[in-house]
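A closer look at the structure
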Amino acid sequence: MDDRMLRRRVYGADHEDPDPGPRPGHVYGELVGGPLDGLLLDITGWSAPQLAEEARLPTEIGRYGAGGRAHYRRRAGDPGHWDWTGDSR
């Protein structure tokens, strides 16, 4: 991982965590666009079918507020990035 990646925040990390960044030995995808733009998604151990599916991530800062989800799909040709596809309840 490069230095820029090490300073990033991982989706789902506790807001009180003094080190909410990536952990050694883990694999991450960068979330692009939408309410979670710029966060890293820990995809360590995900199977090929899971990686091919849309990730529906709970978030309170999306269109639907508490109880809502932001949807991200792995970018074709650039699997290190996950593009926002919309929000749902």
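Scroll up to find the structure.
Quick notes on the rules
- Residues numbered from 1 in each chain as written.
- Predicted model: local features only at pLDDT ≥ 70, side-chain atom pairs only at ≥ 80, totals over all residues.
- Heavy atoms only, no water.
- Helix = DSSP H or I, 4+ residues; strand = E, 2+ residues; numbered from the N terminus.
- Rg over C-alpha atoms; globule rule 2.2 N^0.38 Å.
- Buried < 20%, exposed > 50% of the residue type's maximum accessible area, 1.4 Å probe, protein only.
- Core = buried A, V, L, I, M, F, W, Y, C linked by side-chain atoms within 4.5 Å.
- Polar contact = N/O pair within 3.5 Å; in protein donor to acceptor, adjacent residues only side chain to side chain.
- Contact = heavy atoms within 4.5 Å.
- Pairing = 2+ DSSP bridges.
- Salt bridge = Lys/Arg side-chain N within 4 Å of Asp/Glu carboxyl O.
- Axes fitted to C-alpha atoms, helices over the stretch in contact; angles between N-to-C directions.

**Things to note about the overall build of the chain**
Broken down by element type, the chain carries 2 helices and 5 strands. In terms of C-alpha radius of gyration, the chain reaches 13 Å, essentially the compact-globule figure of 12 Å for 89 residues. In terms of its C-alpha atoms, the chain occupies a principal-axis envelope of roughly 35 × 35 × 20 Å. For the chain, the residues scored as buried account for 34% of the 89 residues in total.

**Brief notes about the nonpolar core**
In terms of nonpolar packing, the biggest core is built from 11 residues, these being Leu-31, Leu-36, Leu-39, Leu-41, Ile-43, Leu-51, Ala-55, Leu-57, Ala-70, Tyr-72 and Trp-82. Sorting the residues of this core by element identifies β3 (55-59) and β4 (68-75) as the ones contributing at least two each.

**Re the side chain of Asp-87**
Along the chain, the position of Asp-87 falls in strand β5 (residues 78-88). For Asp-87, the side chain forms a polar contact with the main-chain nitrogen of Arg-63, separated by 2.9 Å. Within the local environment of Asp-87, its side chain forms a polar contact with the side chain of Trp-84, the two groups lying 3.0 Å apart. Leaving out residues up to four positions away in the same chain, Asp-87 has contacts with Pro-35, Gly-62, Arg-63, Tyr-64, Arg-69, Ala-70 and His-71.

**A look at the pairing of β5**
Two strands pair when backbone bridges link them, and strand β1 (residues 28-32) and β5 are joined in this way by 3 bridges, in the parallel orientation. Note that in β5 the partner of Val-32 across the bridge is Asp-83. Judged from the 7 bridges that link them, β4 and β5 form a sheet pairing that is antiparallel. Bridge assignment links Arg-69 to a residue of β5, and that residue is Ser-88.

**Quick word on the pattern of salt bridges**
Applying the stated criterion across every chain, the model contains 6 salt bridges. A salt bridge links Glu-30 to Arg-8; its shortest N-O distance comes to 3.2 Å. In this pair, Glu-30 sits in strand β1 while Arg-8 sits in the loop between α1 (3-6) and β1, placing the two residues 22 residues apart along the sequence. Its relative accessible area of 19% is what places Glu-30 among the buried residues. The partner of Asp-78 in a salt bridge is Arg-75, with the nearest N and O atoms 3.4 Å apart.

**Focus on the sheet that holds β5**
In space, the 5 strands of this open sheet follow the order β2-β1-β5-β4-β3, with mixed pairing throughout. Each end of this open sheet is capped by a strand with a single partner; those strands are β2 (40-42) and β3. Taken over all neighbouring pairs, the strand axes of this sheet differ in orientation by 35° on average, direction set aside. Sheet analysis places β1 next to β2, joined by 3 bridges and oriented antiparallel.

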